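# Residue-level structure breakdown
Residues per chain, in single letters:
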Amino acid sequence: MRGEGSAPTARGTGPHPPRYPGAPAEQPSLDNWQEPPHNRWTFAHLGEIVPSATVSRRAPHPAGPTSRLDLLTAAIPDLESRLERSYTDAFLVLRGGELVAEYYRDGFAPHDRHLVMSVSKSLCAIVFGSFVDEGSVDPSQPITRYIPELAGSVYDGPTVQQLLDMVIAVDYSEDYVDPASEVQTHDRSAGWRTRRDDDPADDYAFLVSLRGDGTTGRFQYCSAHTDVLAWIVERVSGRRYAELLSERLWAKLDADRDATITVDTSGFGFANGGVSCTARDLARVGRLMLDGGLAAGGRVVSQEWVDATLAGGDPAAMDDHFPGDFPNGSYTRQWWCMGNDRSNVSAIGIHGQNLWLDPQTDSVVVKLSTWPEPDTEEWHRVQSRLLLDVCEALDG
Ligand SMILES: NCCCCCC(=O)NCCCCCC(=O)O
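Below: a short report on this structure. Since the model is a prediction, treat every value here as computed from it, not as a measurement.

## Considering the sheet that holds strand β5 (residues 260–261)
Within the open sheet, the three strands sit side by side as β4-β6-β5. Their pairing is antiparallel. Only two strands of the sheet have a single partner each, and these edge strands are β4 (114–115) and β5. Pairing analysis gives two bridges linking β5 to strand β6 (residues 275–277), with the strands arranged antiparallel. Along β6, the bridge assignment pairs isoleucine 261 with valine 275.

Encoded structure:
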């Protein structure tokens, strides 16, 4: 992956996959995108360079909420008001192949994409699992075997499996509302907030800057770890993460719509939180998990990978902080495992995003929301109570 087409990098983090095959060393940027040879590519990918709005072919949106909840309301009469009160934009229940219920708030339609925040992490893990399956990544190996540029960082020593399970002590505050937190520096490096002069040049450079005390084994939620996973699959394939997410997952879902992922100035997809997609397409991802890694377009990831995810991780590794009331909860391969008697497993994103699996009823529940706060114990409780009530209604 070196030489022609390798993207220039922030010092010490490259090479990275080129934005497009055959791109010269100087990659497309805000300063050169209108010039050849970049314009051949940028004119068809402008959203990666200049913020772009969607011009919907369906405008205006239908007035009022779209709601089909009748199969659940006998068991949960106040379902619609609970969805409203928990700032739901989209809600969907799929049992086997049957669409049992669907709800979209006023102003949000089934074809609208919604930011899924850290649900993106669980999508990344599926892509990552496909690389493990084919033998190009070995989770027992040190992270620096794949990304030597991480030598000297917190990632110098831990294994890939520890990265997947987030059991690395890292100087990274995941306090979303603290301007001094690392998660906000991470956001700025990735183009999610206005840059400051001394910020790392891009997400790769941010990852290289992270430090820790060298201990492993205790769960510490850290969004940066997912971007390292994405970096690893980029490095072993020589392809951009956005392309890998498309080829290895999205293209196999028979999805209604393309998903999107935000990119930084180097074109690196924000694997930990930057995916947007429709509720129905996200439900297709849940389906493939319950179907042992098989999607409409063929096998995505092995049954073994899926089984290991659904089996859960080590509850003893968790701190007391698990979203909702799940004392036996665990985290493995970028999924939250509730450790309850239903064996629920979920992809979770701040502000109320859930891709919730209920193996007992072979059901997937998607809830996409816009809670006014990113992440409070109380909101997680409200959300998980609702999701559990839906599962219990499906039992009946
Ligand atoms: N800054 C970019 C996006 C970060 C998205 C973070 C996210 O969605 N996190 C989910 C946290 C889940 C619950 C964690 C907890 O309660 O411990």
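## Re the environment of glutamine 184
Within the secondary structure, glutamine 184 sits in helix α7 (residues 182–189). Judged by its relative accessible area of 8%, glutamine 184 is buried. As for glutamine 184 and serine 173, which are separated by eleven residues in sequence, their C-alpha atoms are 8.8 Å apart. Contacts of glutamine 184, omitting those with residues within four sequence positions, involve Tyr176, Val177, Asp178, Pro179 and Arg193. Side-chain polar atoms of glutamine 184 contact the backbone oxygen of tyrosine 176, separated by 2.9 Å.

## Structural notes on the environment of aspartate 213
With respect to the helices, strands and loops of the structure, aspartate 213 is situated in the loop between α8 (203–208) and α9 (224–237). Classification of aspartate 213 as exposed rests on a relative accessible area of 58%. Distance in space between the C-alpha atoms of aspartate 213 and isoleucine 168 is 9.2 Å, their sequence separation being 45 residues. At 2.7 Å, the side chain of aspartate 213 and the side chain of threonine 215 are in polar contact.

## Thoughts on the pairing of strand β12 (residues 353–358)
With respect to burial, β12 is a largely interior element, six of its six residues being buried. Burial along β12 is two-sided: the residues Gln353, Leu355 and Leu357 and Asn354, Trp356 and Asp358 are all buried. Note that strand β11 (residues 345–349) and β12 share five bridges and pair antiparallel. Residue pairing across strands places isoleucine 348 opposite asparagine 354, the latter belonging to β12. Count of turn residues in the β11/β12 antiparallel hairpin: three residues, of which histidine 351 carries a positive phi of about 65°. Pairing of β12 with strand β13 (residues 363–369), which is carried by five bridges, proceeds in the antiparallel orientation. The residue of β13 that forms the bridge with tryptophan 356 is valine 365. In sequence, β12 turns back onto β13 through a hairpin of four residues, with aspartate 362 there showing a positive phi of about 55°.

## Side note on the packing of aromatic side chains
Aromatic ring pairs: the centre-centre distance and the angle between the two ring planes describe each pair. Taken as a whole, this structure holds 15 aromatic pairs when the rule is applied. Note on tyrosine 87 and tryptophan 379: the rings are 5.7 Å apart at their centroids and 75° apart in plane angle, and the pair reads as edge-to-face. With tyrosine 87 in the loop between α3 (79–85) and β2 (88–95) and tryptophan 379 in helix α13 (residues 377–395), the pair connects residues that are 292 residues apart, well separated along the chain. A residue is classified by how much of its surface remains accessible, and tryptophan 379, at 15% relative accessible area, is buried. Note on tyrosine 204 and phenylalanine 268: the rings are 4.2 Å apart at their centroids and 10° apart in plane angle, and the pair reads as stacked.

## Some details on the side chain of serine 130
With respect to the helices, strands and loops of the structure, serine 130 is situated in helix α4 (residues 119–133). At 2.6 Å, the side chain of serine 130 forms a polar contact with the backbone oxygen of valine 127. A polar side-chain atom of serine 130 sits 3.1 Å from a polar atom in the side chain of arginine 248. For serine 130, the residues in contact, after removing those within four places along its chain, are Arg248, Val300 and Val301.

## Here we look at α4
Between its first and last C-alpha atoms α4 spans 22 Å; for 15 residues at 1.5 Å apiece the expected length is 21 Å, and the two agree. Counting buried residues along α4, 14 of its 15 residues qualify, which places the element largely inside the surrounding structure.

## As for α9
Here α9 contains 14 residues, and its C-alpha end-to-end distance of 20 Å stays within 8% of the 20 Å for a straight helix at 1.5 Å per residue. Among the 14 residues that make up α9, twelve are buried, leaving the element largely enclosed by the rest of the structure. Three or more residues of α9 are buried, namely Ala224, His225, Thr226, Asp227, Val228, Leu229, Ala230, Trp231, Ile232, Val233, Glu234 and Arg235. The elements touched by buried residues of α9 are α4, α5 (143–146), α6 (160–165), α7, α8 and α10 (241–248). Positive phi shows up at glycine 238, right after α9, with a value of about 75°.

## Section: the nonpolar core
With 104 residues, the main nonpolar core has Leu72, Phe91, Phe128, Ile232, Tyr241 and Leu249 as its most contacted residues. The leading source of residues in this core is α4, at eight residues.

Calculation rules
- Residues numbered from 1 in each chain as written.
- Predicted model: local features only at pLDDT ≥ 70, side-chain atom pairs only at ≥ 80, totals over all residues.
- Heavy atoms only, no water.
- Pairing = 2+ DSSP bridges.
- Helix = DSSP H or I, 4+ residues; strand = E, 2+ residues; numbered from the N terminus.
- Buried < 20%, exposed > 50% of the residue type's maximum accessible area, 1.4 Å probe, protein only.
- Contact = heavy atoms within 4.5 Å.
- Polar contact = N/O pair within 3.5 Å; in protein donor to acceptor, adjacent residues only side chain to side chain.
- Phe/Tyr/Trp six-rings, centres within 6.5 Å; stacked < 30°, edge-to-face > 60°.
- Expected span 1.5 Å × (residues − 1).
- Core = buried A, V, L, I, M, F, W, Y, C linked by side-chain atoms within 4.5 Å.

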